[in-house]
Protein chains: 2
Amino acid sequence: MKQRVLSGVVLTLFAAAIVVFDQIFPLALNIAVALISAAAVDELARALGLQRKWFLYGPSLLAAGAVPFCEARYQFLIYCLYTFGAFAAMIVYHHETSFKEVAVLYSMVVLIPCALQTLVSLRELNRVHGMFYVLIAVLSAWAADMGAYFAGTLFGKRKLCPEISPKKTVEGAIGGTVADAAVMLLCGLCFSRVVYAGGVTVNYWLLAVIGLLGAWVSILGDLSFSLIKRSCHIKDFGQVIPGHGGILDRFDSVIFTAPFVYVLVTFFPLAGV
Amino acid sequence: MKQRVLSGVVLTLFAAAIVVFDQIFPLALNIAVALISAAAVDELARALGLQRKWFLYGPSLLAAGAVPFCEARYQFLIYCLYTFGAFAAMIVYHHETSFKEVAVLYSMVVLIPCALQTLVSLRELNRVHGMFYVLIAVLSAWAADMGAYFAGTLFGKRKLCPEISPKKTVEGAIGGTVADAAVMLLCGLCFSRVVYAGGVTVNYWLLAVIGLLGAWVSILGDLSFSLIKRSCHIKDFGQVIPGHGGILDRFDSVIFTAPFVYVLVTFFPLAGV
């Protein structure tokens with residue numbers, strides 16, 4: 001528990017450092033997203049036992065690491081080359097691996113970097129407020145996780161989905177939703193009153209929607225990756241983050257909330273001068 | 001054999017009709033691509049035994065059919081909704097299906113419509129020559145297939161990849177490559193001399209590259225889908241096209257050549273006034 005909170009604090013400080021130093025070193029976000037994507041794909045390849053199939057593992061890591069640095073046109077090129085490479089590797093390894101395992105890795109090399117690079121796209125939506133959007137996307141996942149963890153520990157009685165994730169409770173999910181909405185509104189208030197001292201109007205309705213729905217999107221991400229872990233017969237994806245597990249154990253819900261927030265923000269304005 | 005040629009002629013006439021009537025009814029190409037994508041996904045879902053899992057099968061068909069009609073922003077929205085839907089369905093069906101089967105379907109719902117909708121993107125690259133690009137992308141696959149079939153039947157001795165596709169020979173592959181390059185150059189000549197009567201310059205070097213490499217990209221597509229068929233323990237994906245099998249049996253190589261040609265044409269001009 002202590003370890004978990006400590007790791008959470010360290011992660012939040014890391015995220016805060018990227019936000020604060022964005023104006024000085026804007027590539028920091030791309031690098032962070034690339035590292036997280038590549039680490040997540042690496043954990044998945046290991047869980048599937050594909051880490052020694054170099055013609056498959058190498059291009060998967062490369063694609064995951066390259067996507068967050070590229071604009072759409074080059075991302076498409078990367079995925080074309082990766083698809084040709086992955087299928088050629090599947091033919092090379094057809095004695096040793098089944099197509100289904102390759103398909104799991106392939107789908108995750110598409111899903112994880114595409115989902116996480118929406119954090120970079122969110123930043124680029126607006127040169128001034130972009131980083132606020134990024135923070136909202138990450139915090140909407142983490143606030144739901146944290147809220148669910150504490151509400152579940154305090155009030156948890158009815159199991160939510162005991163066969164997939166035995167610790168999740170209905171009370172935790174409700175607590176996570178309330179916490180998420182509260183954190184989102186608080187972020188908006190801080191941003192408009194403190195950071196911009198009233199110079200910016202924030203769409204609080206949209207923030208409330210992000211909080212209320214984002215918590216469930218976050219739970220969906222969490223449960224999905226729990227199922228993937230179950231199908232790979234592992235408990236955690238790694239031990240990189242003490243108390244949390246692997247990178248994927250911590251970022252599984254961000255993989256779902258980041259594109260969710262991105263889609264909402266591209267269709268509805270979140271902040272304006 | 002007779003049936004195979006006849007079906008080939010009917011398919012080519014269909015393709016020609018879309019090309020000829022493009023100016024009058026430009027949506028015909030989108031409709032054709034949407035139908036082929038949805039049919040391919042349907043065949044794959046059936047091969048995986050997922051056609052009765054409605055919460056998975058329905059959204060997969062819908063996503064595949066909708067993507068060719070949308071611009072990039074809405075395609076991203078569709079894939080977001082599809083991802084949430086597919087993972088939620090995976091949780092609903094977690095007793096009956098494994099994540100690996102869902103991952104196969106998911107990866108194909110991403111790959112097939114994204115690859116085939118590059119035909120629509122190719123048309124939109126240039127309002128005047130666009131349809132020429134589309135024709136090149138489709139014919140580079142079919143010319144390689146046809147060339148390999150006839151060269152293989154006439155001269156085939158050494159097997160190319162007997163465990164995956166027992167009928168493919170090295171001689172067939174070489175014949176397919178030569179035929180593909182020849183057809184590409186012939187298309188270029190027809191387009192610049194006959195259709196535009198010398199008013200257009202065509203990059204014959206690029207056409208030769210598309211022919212020579214496209215034949216191998218087409219073989220890669222063919223072998224990849226043969227492996228998928230093997231892993232699903234089926235011989236053909238369907239019986240829609242007499243003598244060829246299912247839609248996926250005929251379009252497997254186009255799924256690989258279309259994005260290949262699209263990427264090449266976006267980086268290097270193929271035709272200019």
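Preceding this paragraph is the structure being described.
Below you will find a few notes about this structure. Predicted model only: the values in this text are computed from it and were never measured.

## A closer look at the overall build of chain A
Reasoning step 1: When helices and strands are tallied, chain A shows 11 helices and 2 strands.
Reasoning step 2: Taken over C-alpha atoms, the radius of gyration comes to 19 Å for chain A, in line with the 19 Å a tight globule of 273 residues would show.
Reasoning step 3: By residue count, 57% of the 273 residues in chain A fall in the buried class.
Reasoning step 4: Put simply, of all contacts in chain A between residues at least 6 apart along the chain, 71% involve residues at least 24 apart.
Reasoning step 5: Surface exposure of chain A reaches about 12,100 Å², of which carbon and sulfur atoms provide 70%.
Reasoning step 6: Chain A carries 19 positive and 15 negative side-chain charges, and their two centres are separated by 5 Å.

## Details of the interface of chain B and chain A
Reasoning step 1: On the chain A side, the residues contacting the 43 residues of chain B number 43 residues.
Reasoning step 2: Carbon and sulfur atoms make up 83% of the surface buried where chain B meets chain A, a total of about 3,800 Å² over both sides.
Reasoning step 3: Contact with chain A buries surface across chain B, with Phe84, Phe99 and Lys100 of chain B losing the most and accounting together for 16% of the total.
Reasoning step 4: For the pair chain B and chain A, the number of links is 2 salt bridges.
Reasoning step 5: Across the pair glutamate 101 of chain A and lysine 100 of chain B runs a salt bridge, and its minimum N-O distance is 3.6 Å.
Reasoning step 6: Where the side of chain B that touches chain A is concerned, the elements lending two or more residues are α4 (72-92), α5 (99-116), α9 (204-231) and α11 (254-267) of chain B.

## Here we look at helix α9 (residues 204-231) of chain A
All names here are of chain A.
Reasoning step 1: With 28 residues, α9 ought to run about 40 Å at 1.5 Å a step, and its terminal C-alpha atoms sit 40 Å apart, in line with that.
Reasoning step 2: Taking the largest bend as the criterion, α9 deviates by roughly 30°, centred on glycine 214.
Reasoning step 3: Across the 28 residues that make up α9, a large majority, 20, are buried.
Reasoning step 4: Its side-chain oxygen at 3.3 Å from the backbone nitrogen of tryptophan 205, asparagine 203 defines the N-terminal cap of α9.

## A few points about the packing of aromatic side chains
Reasoning step 1: If you walk through the whole model with that rule in mind, you get 30 aromatic pairs over all chains.
Reasoning step 2: Ring geometry for tryptophan 142 of chain B and phenylalanine 251 of chain B: centres 5.7 Å apart, planes at 65°, overall edge-to-face. Of this pair, tryptophan 142 of chain B sits in helix α7 (residues 130-155) while phenylalanine 251 of chain B sits in helix α10 (residues 247-251), and the two are 109 residues apart along the sequence.
Reasoning step 3: A relative accessible area of 10% places phenylalanine 251 of chain B in the buried class.
Reasoning step 4: Three or more aromatic residues joined by ring pairs form one cluster here, namely Tyr82, Phe84, Phe87, Phe99 and Tyr106 of chain A together with Phe225, Phe237 and Phe256 of chain B.
Reasoning step 5: The aromatic ring of tyrosine 93 of chain A is capped on one face by lysine 53 of chain A, whose charged end is 5.9 Å from the ring centroid.

## As for the pattern of salt bridges
Reasoning step 1: Taken as a whole and assessed by the stated rule, the structure comprises 22 salt bridges over all chains.
Reasoning step 2: Measuring nitrogen to oxygen at the nearest pair gives 2.8 Å for the salt bridge that ties aspartate 145 of chain B to arginine 250 of chain B. One end of the pair, aspartate 145 of chain B, is in helix α7; the other, arginine 250 of chain B, is in helix α10, and 105 residues separate them in sequence. Note on accessibility: aspartate 145 of chain B and arginine 250 of chain B belong to one class, buried.
Reasoning step 3: The salt bridge involving aspartate 236 of chain B is made with lysine 235 of chain B; its shortest N-O contact spans 3.7 Å.
Reasoning step 4: A residue is classified by how much of its surface remains accessible, and aspartate 236 of chain B, at 29% relative accessible area, is partly exposed.
Reasoning step 5: Among the ionic contacts, a cluster of salt bridges with common partners joins Asp22, Arg123, Glu124 and Arg127 of chain A.

## A word on the side chain of aspartate 249 of chain B
All names here are of chain B.
Reasoning step 1: Residue position: aspartate 249 is located in helix α10.
Reasoning step 2: Of note is the side chain of aspartate 249, whose polar atom sits 2.8 Å from the backbone nitrogen of phenylalanine 237.
Reasoning step 3: Residues contacting aspartate 249, with those up to four places away along its chain left out, are Lys229, Asp236, Phe237, Gly238 and His244.

## Considerations on the environment of alanine 208 of chain B
Reasoning step 1: Within the secondary structure, alanine 208 of chain B is located in helix α9.
Reasoning step 2: Between the C-alpha atom of alanine 208 of chain B and that of threonine 257 of chain B, which follows or precedes it by 49 residues, the distance is 14 Å.

## With respect to empty space enclosed by the protein
Reasoning step 1: Per the stated rule, a full pass over the model turns up 1 cavity of 30 Å³ or more.
Reasoning step 2: Here the largest cavity defines a volume of roughly 40 Å³.
Reasoning step 3: For the largest cavity, the full set of lining residues is Ala86, Phe87, Met90, Phe99, Val102, Ala103 and Tyr106 of chain A together with Ser107 and Met108 of chain B.
Reasoning step 4: Every element with two or more residues in the lining of the largest cavity is listed here: α4 (72-92) and α5 (99-116) of chain A together with α5 of chain B.
Reasoning step 5: Per-element tally for the lining of the largest cavity: the top contributor is α5 of chain A, with 4 residues.

## Description of the side chain of aspartate 145 of chain B
Reasoning step 1: Residue aspartate 145 of chain B is classed as buried on the basis of its relative accessible area of 12%.
Reasoning step 2: In this structure aspartate 145 of chain B touches Ser218, Asp222, Arg250 and Ser253 of chain B, once residues within four positions along its chain are discounted.

## Re the relation of the copies chain B and chain A
Reasoning step 1: Laying chain B over chain A is done by rotating through 180° and shifting 0.0 Å along the axis; what remains is an RMSD of 0.0 Å. Taken together, the rotation angle and the small translation identify this as a two-fold axis. Residue serine 107 of chain B, judged by its C-alpha, is the member of chain B lying nearest the rotation axis, at 2.4 Å.
Reasoning step 2: A shared interface surface links the copies, since 100% of the contact residues of chain B are contact residues in chain A too.

Thresholds applied
- Residues numbered from 1 in each chain as written.
- Chains lettered and ligands numbered in written order.
- Predicted model: local features only at pLDDT ≥ 70, side-chain atom pairs only at ≥ 80, totals over all residues.
- Heavy atoms only, no water.
- Helix = DSSP H or I, 4+ residues; strand = E, 2+ residues; numbered from the N terminus.
- Rg over C-alpha atoms; globule rule 2.2 N^0.38 Å.
- Buried < 20%, exposed > 50% of the residue type's maximum accessible area, 1.4 Å probe, protein only.
- Contact = heavy atoms within 4.5 Å.
- Areas by Shrake-Rupley, 256 points an atom, 1.4 Å probe, with all protein chains shown as cover.
- Lys, Arg positive; Asp, Glu negative; His and termini not counted.
- Charge placed at Lys NZ, Arg CZ, Asp CG, Glu CD.
- Buried area = accessible area lost by both parts, 1.4 Å probe.
- Salt bridge = Lys/Arg side-chain N within 4 Å of Asp/Glu carboxyl O.
- Expected span 1.5 Å × (residues − 1).
- Bend = angle between axes of the 7 residues up to and from the residue.
- Polar contact = N/O pair within 3.5 Å; in protein donor to acceptor, adjacent residues only side chain to side chain.
- Phe/Tyr/Trp six-rings, centres within 6.5 Å; stacked < 30°, edge-to-face > 60°.
- Lys NZ or Arg CZ within 6 Å of the ring centre and 35° of its normal.
- 1 Å grid on protein atoms, 1.4 Å probe; cavity = no way out; pocket = protein on both sides within 12 Å on 5 of 7 lines; lining within 4 Å.
- Points joined across faces, edges and corners; volume = space filled by probe spheres on them.
- Least-squares fit on C-alpha atoms with pLDDT ≥ 70 in both.

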